[in-house]
Structures are given as structure tokens and as C-alpha cells.
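Descriptive structure summary
Here is what each chain is made of, one letter per residue.
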Amino acid sequence: MTVLYGNGLNLDTVTQALKEHYKPLTVKNMVYKDNPFLALVNKYERFGGENMPIPTQYGIANRRSADFQTGQLLGTGTALARFVLTRVKDYSFASITGESIKATEGSADAFLKYATLEIDGAIQSLTRSIAIGMYGDGSGSIGTVGSIPDNTTGTNRTITLANVETVTNFEVGMVLKFANDAATNPDPDTFTVTKVDRDTGILTGTIANGGNGAPTNLLFQDGDYTAGGNRKKISGLEAWIPAGTPAANFFGVADRTVDRTRLAGVPFNGASQPIEEALIGAASRLAREGGSPDVCFMDYTQFANLEKALGSKVVYDKVSSDDADIGFQALSIIGPKGPIKIIADQNCTPNVAYMLQMDTWTLNSLGAAPHILDLDGNRMLREALNDAYEVRVGFYGNLSCNAPGYNSRVALA
């Protein structure tokens, strides 16, 4: 038995204490707080095997005619597509130094308070990555450069984000990469964030291998980016219901434009309309397609705009997660198929509302999303090259939709 420090507290004791502290419900409450889409989406935690086929019917059999022989000879059967869902991986780490362990020697409570502070941070970091990815296109992009006055190597360099709403995706200590778009190789530059101004959307940091970062560049956390359209991150709402032409060979479906709506959702342009009219218009379009949208997510600024626009007509509601004691404040509007709950989510793409039929969406994972990696029974591991102990947190999974045509991406600006 490996002794961690004196007074009988050892790795086995620590492991049992951490297992008791991080019960599934405790972790879920920590994960789902302030992440509404992640909290409310259906969960399937047994995504084993190499992949998961998601069949989608996008056309009915058309062997029909008022003439018997004509109908019998027609060769068009039911049109089916099969999305072959694969998992992506994501990791976060907590490191507890030997000095910190010795400093709390003799007090299990003191050690656990310190350890859980670090572990909570790792869980929250990975949770934020998953929650942001749930809205993304799979590329890992978390923002866009608006301006970068000096892109050369050095300290105290600044990036002004193109949209201040995306500042919630950035944290002090992040190492960022630049790329022209999601299909080309990233630049060799790295930008290490040392300061975040959350009012202005200005990041201050240190640039290494500089000279390449430029306005309109996409920003990625180091390690998340893969060129050529290969997705290392969750294929989120922007991948399943994109604004533009759907990506080819999406989970094995070669061409989603054969029925763009049923295979890639409804892009609705409400930018020129009052926000409440845009939402009702999108809901009506979905109803025409057979959808019954029940929840709509948007960023906080657009949520406030809607609340102001509704004025005395505003109706408040609350939505709760089925698998955790978490609830979210919502506005309610009436669509053609019934009430639609409008929820603000900090992770939502700015100036976009996602109007969803929630029973068509599932977050599929191998184990909980996320969970502490402890297949060997040990939640803490001695680091080989440091005087420290490590806790690893992981996620294996992806988001799926079995009826994209019942969901809409609504442009609000």
C-alpha cells in the first residue's frame, strides 16, 4: 500500500473518499449548472462499439399511381439515410503537488478540501469544453479575431474578439491557436492568455512564433484543432443544422443536399424581422415540415432583447433537467404546435437561436459526460516526472439527431 502522507491516510483511503464525494448526482449538478442545453438534452451513457448507426427517413415510398401497373413498376422506395456516429475524446487534468499534500498532513478534511478544489476545476474545465462543443461545428473553434494590433512575438499582445459574447469561452492560462478557417492548417503562432476583459472582449497575452495571427482568423484551444474537416470535437448544432451548405460525408452521409431540410435542418433568416416574429416564423416553418419544437436556446443578449420586445406580454416559465436537480428560467411563446420555452445559454452561438424538438437529440457517451477516469480503481495517480499526484477526467461521445428537419437554426442578426 502506497502511503500518501502520515497518520494512516493512503491512496486507498483517498480513492474511497473521492468516490464518496463525487457521487453521480453531485457530478451531474456540477456539470449541468449554467449549461442548459447540456442539462436538458437526452443522455445515453452506453455508447459502446466502434460506432452507432442513426437511421433517418427523409422520403416516403413513391410506388403509387392511380394506374395499378404504373404504380407497381415504379422503383422508388422509402428514402433512408444512415448517420454512422463515432465518438470524439476530450480530457482535463487536476494536479496536486506533494508540497500541498504535506502542508495538509494529518488532516484528511483539509486535504480533501484542497483536492476537490483542484478536481472540481478539472471537471468544470472539461464541462465547459463539452457544453461549448454542443453548439459547435466539430472544428473546435471558440471565437474569431476582430482585431490584433501587433501579431509579432512578445508579451502584452492583445486580441479583440469579433463578438464580445464569445468571451465566455476563454480563460486565463489558455493556449490558443490561429487558423484562417476550419479546413486549413493552423498557424505556428500560440497565444497564451494572461488577462481577459469580459466587458470589452479583449484578450491580453503572450505570442510565440508570431507574425501570422490576423483579423477574421478562427481561434482554437491548443490541441483541439484538426485540419481538413476532421472533427476532434463534438459535432454540435452548427454541424447538424448549419447555416450554409451542409458538409459532405457527414458521419457517412455523402450528400445532405439531396433533401437539405430533412437531412440538415431548417436555416431560417430572421435578421430583418423583430425577434419575436422571427421565432414565430421559424416555428411555423418547422410545423410545416412536421416538427414540434418545444425548446429554443439563444445567447443572453438576444434573450434580453426578446424579453424587452414582449413587454407586458411576457410569460415566464421554468424548465428542469430530468436527471439532475437543476432548473432554468425560461420565457414562453406559443407556436403552431404548442408552447416553446426560450432559454438563455452562455454557450450559444451569438445572434443565433436554435429552435429544437428535444426528443430528436441525444448526447451519446461511453460513461458519464464527463467522468473521472479510474478503470484501475485509482482516482489519484503519482506523476512520473513531477512531485505531484494527478486526477484525470475524460469524455468519449458525440451528439446525435434522428430528425434534423424538425429543428431550425434561426439567424437573429
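Residues numbered from 1 in each chain as written. Predicted model: local features only at pLDDT ≥ 70, side-chain atom pairs only at ≥ 80, totals over all residues. Heavy atoms only, no water.

Below, the discussion takes up the overall build of the chain. Summing up its helical and strand segments, the chain has ten helices and 21 strands in all. Here the C-alpha radius of gyration of the chain, 24 Å, is about what a compact globule of 413 residues would show, namely 22 Å. Based on the C-alpha atoms only, the size of the chain along its principal axes is roughly 90 × 50 × 50 Å. Among the 413 residues that make up the chain, the fraction classed as buried is 48%. Considering only contacts in the chain between residues 6 or more positions apart, those separated by 24 or more positions represent 73%. Separation of charge centres in the chain, based on 35 positive and 43 negative side chains, amounts to 5 Å. (Helix = DSSP H or I, 4+ residues; strand = E, 2+ residues; numbered from the N terminus. Rg over C-alpha atoms; globule rule 2.2 N^0.38 Å. Buried < 20%, exposed > 50% of the residue type's maximum accessible area, 1.4 Å probe, protein only. Contact = heavy atoms within 4.5 Å. Lys, Arg positive; Asp, Glu negative; His and termini not counted. Charge placed at Lys NZ, Arg CZ, Asp CG, Glu CD.)

Once that is clear, we can look at unusual backbone geometry. Backbone torsion omega between Ala369 and Pro370 reads -5°, so that peptide bond is classified as cis. Turning to its location among the elements, Pro370 is positioned in the loop between β17 (361-365) and β18 (371-372). The backbone of Asn209 sits at a positive phi, close to 55°, despite the residue not being glycine. Along the chain, Asn209 turns up in the loop between β9 (202-208) and β10 (218-221). Phi is positive for Asn249, close to 55°, though the residue is something other than glycine. With respect to the helices, strands and loops of the structure, Asn249 is situated in the loop between α7 (237-240) and α8 (260-264).

This part takes up helix α9 (residues 275-288). The terminal C-alpha atoms of α9, which comprises 14 residues, lie 20 Å apart, in line with the 20 Å expected from a rise of 1.5 Å per residue. Every buried residue belonging to α9 is among Ile275, Ala278, Leu279, Ala282, Ala283, Leu286 and Ala287, and all of these are buried. (Expected span 1.5 Å × (residues − 1).)

For helix α10 (residues 300-310), every residue scored as buried is listed here: Gln302, Phe303, Leu306 and Leu310. For α10, the angular spread of the buried residues around the axis is 105°, confining them to a single face. The backbone nitrogen of Thr301 has a side-chain oxygen 2.9 Å away, supplied by the residue at the start of α10, namely Asp299. In the stretch just after α10, Gly311 is the one whose phi turns positive, near 55°. (Arc of directions from axis to C-beta. Polar contact = N/O pair within 3.5 Å; in protein donor to acceptor, adjacent residues only side chain to side chain.)

Further remarks concern the side chain of Asn217. Structurally, Asn217 is set in the loop between β9 and β10. For Asn217, a relative accessible area of 2% gives the class buried. When neighbours within four sequence positions are excluded, Asn217 is seen to be in contact with Gly143, Thr144, Val145, Phe178, Ala179, Asn180, Asp187 and Asn212.

The tally for this structure, following the rule as stated, stands at ten salt bridges. For Asp317, the salt bridge identified is with Lys341, shortest N-O distance 3.5 Å. Of the two residues, Asp317 sits in strand β13 (residues 316-320) while Lys341 sits in strand β15 (residues 338-344), which places them 24 residues apart along the sequence. Given the relative accessible area of 29%, Asp317 is considered partly exposed. Each member of the salt-bridge network shares a partner with another, and the members are Asp90, Asp224 and Lys233. (Salt bridge = Lys/Arg side-chain N within 4 Å of Asp/Glu carboxyl O.)

A few words now on the packing of aromatic side chains. Applying the stated rule across the entire model yields twelve aromatic pairs. Geometrically, the ring pair formed by Phe220 and Tyr225 is edge-to-face, given 4.3 Å between the ring centres and 80° between the ring planes. Given a relative accessible area of 0%, Phe220 falls into the buried group. Sitting over the ring of Phe47, Arg87 keeps its end group 5.0 Å from the ring centre. (Phe/Tyr/Trp six-rings, centres within 6.5 Å; stacked < 30°, edge-to-face > 60°. Lys NZ or Arg CZ within 6 Å of the ring centre and 35° of its normal.)

These values are about where atoms sit, not about what they do.
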